[in-house]
Amino acid sequence: MATEQILKLKEKANWVRQRVLEMITTAGKGHIGGAFSCTDILTALYYGGILRFQAADPKWIDRDRFILSKGHSAAALYVILSDLGYFPSSELSRFQKENCILGAHPSLKIPGIEADTGSLGHGLGIGVGLALSAKLGKKDFMTFVLLGDGECCEGSIWEAAMFASGRKLNNLVGIVDKNSLCSTDFLENCVNMEQLEQRWKTFGWDAVTVDGHSLEELVAVLSQARSRQSEKPLMIIANTVKSKGVSFMEGKPEWHHSVPNKEQYEIAKKELSESR
């Protein structure tokens, strides 16, 4: 991808973070940390020419399926879906308010959402089912699932992983947002999740590790997913920073679900507006 296109993707990702900051601050609740860490991944998928979709026809039969298994990061996805025309941008200002379609976690009531998620450990299994249905129905759509590294503690993830490799679901791509934090602490203090790439390979997947904030690396690896010759599903380990983009939030466990006060909001807004 040309340098100019990458720069546009970076600008878009920064804009998404600014909108997420506004939404969560206005709502008084939300998950800034995880939303910010996966923003570049979502930007690459939706604006980098990776996913096939039609916003005007959310149920287009040949669309690629994307599942945000780490559903607490939904605010970033909502901003993108709105920007693409799935629903009016006015919904963003009512995030988590009464009668708004945009709740804390993705819901099938929202155009562009493929599964109710947020109860961690379920998204990959759903993605496996969608990928299998494509194989059985001789459809060429791809299924992409975005997971959290803390979520990979769930046993259901590894059950789905074994099934996917056993059925040679090479139309399935997983992405782990590896920000090294879970909801309350650093992941290393809870469970050992190092050598994650090798673990996925052991379960019969192709696996690769990239910088989860490098749009160049993300687009490069994702753009090859559809043309791979391998019979194995693919897992991309994306090394990220929780709350990426705001200095006083980055890598801090408390920003999993903290909400900025007025002073913090202004500081974060300034940092994001000046980011290049």
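For the structure itself, consult the block above.
Residues numbered from 1 in each chain as written. Predicted model: local features only at pLDDT ≥ 70, side-chain atom pairs only at ≥ 80, totals over all residues. Heavy atoms only, no water.

> What is the right way to look at the overall build of the protein in this model?
Counting secondary structure elements, the protein contains nine helices and five strands. Each helix and strand of the protein, ordered N terminal to C terminal, gives the series α-α-α-β-α-α-β-α-β-α-β-α-β-α. On the principal axes, the C-alpha backbone points of the protein span a range of 50 × 45 × 40 Å. Counting the 276 residues in the protein, one finds 51% classified as buried. In the protein, 76% of the contacts between residues at least 6 apart in sequence involve partners at least 24 apart. When the accessible area of the protein is evaluated, it comes to approximately 12100 Å², of which 50% is carbon and sulfur surface. Averaging the coordinates of the 32 positive side-chain charges in the protein and doing the same for the 33 negative ones gives two points 4 Å apart. (Helix = DSSP H or I, 4+ residues; strand = E, 2+ residues; numbered from the N terminus. Buried < 20%, exposed > 50% of the residue type's maximum accessible area, 1.4 Å probe, protein only. Contact = heavy atoms within 4.5 Å. Areas by Shrake-Rupley, 256 points an atom, 1.4 Å probe, with all protein chains shown as cover. Lys, Arg positive; Asp, Glu negative; His and termini not counted. Charge placed at Lys NZ, Arg CZ, Asp CG, Glu CD.)

> What is the right way to read the nonpolar core from this model?
Across soluble globular proteins, nonpolar side chains show a tendency to be buried alongside one another. Counting 59 residues, the largest nonpolar core has Val20, Leu45, Phe66, Tyr78, Phe144, Ile175 and Leu222 as the members making the most contacts within it. Setting aside its immediate chain neighbours within four residues, Val20 contacts Ala35, Phe36, Ala75, Ala76 and Val79. (Core = buried A, V, L, I, M, F, W, Y, C linked by side-chain atoms within 4.5 Å.)

> Which parts of the structure should I look at to understand the pattern of salt bridges?
Two side chains that carry opposite charge are able to pair once their charged atoms sit near each other. Overall, the coordinates contain 14 salt bridges when judged by the stated rule. One salt bridge in this structure joins Lys10 and Glu216, with 3.5 Å as the shortest N-O distance. Of this pair, Lys10 sits in helix H1 (residues 3–27) while Glu216 sits in helix H8 (residues 215–223), and the two are 206 residues apart along the sequence. Overall, the relative accessible area of 33% leaves Lys10 in the partly exposed class. On the basis of relative accessible area, Glu216 is assigned to the partly exposed category, the value being 39%. Asp40 serves as the salt-bridge partner of Arg17, at 2.7 Å between the closest nitrogen and oxygen. Note that Arg17 is positioned in helix H1 and Asp40 in helix H3 (residues 39–47), a separation of 23 residues in sequence. (Salt bridge = Lys/Arg side-chain N within 4 Å of Asp/Glu carboxyl O.)

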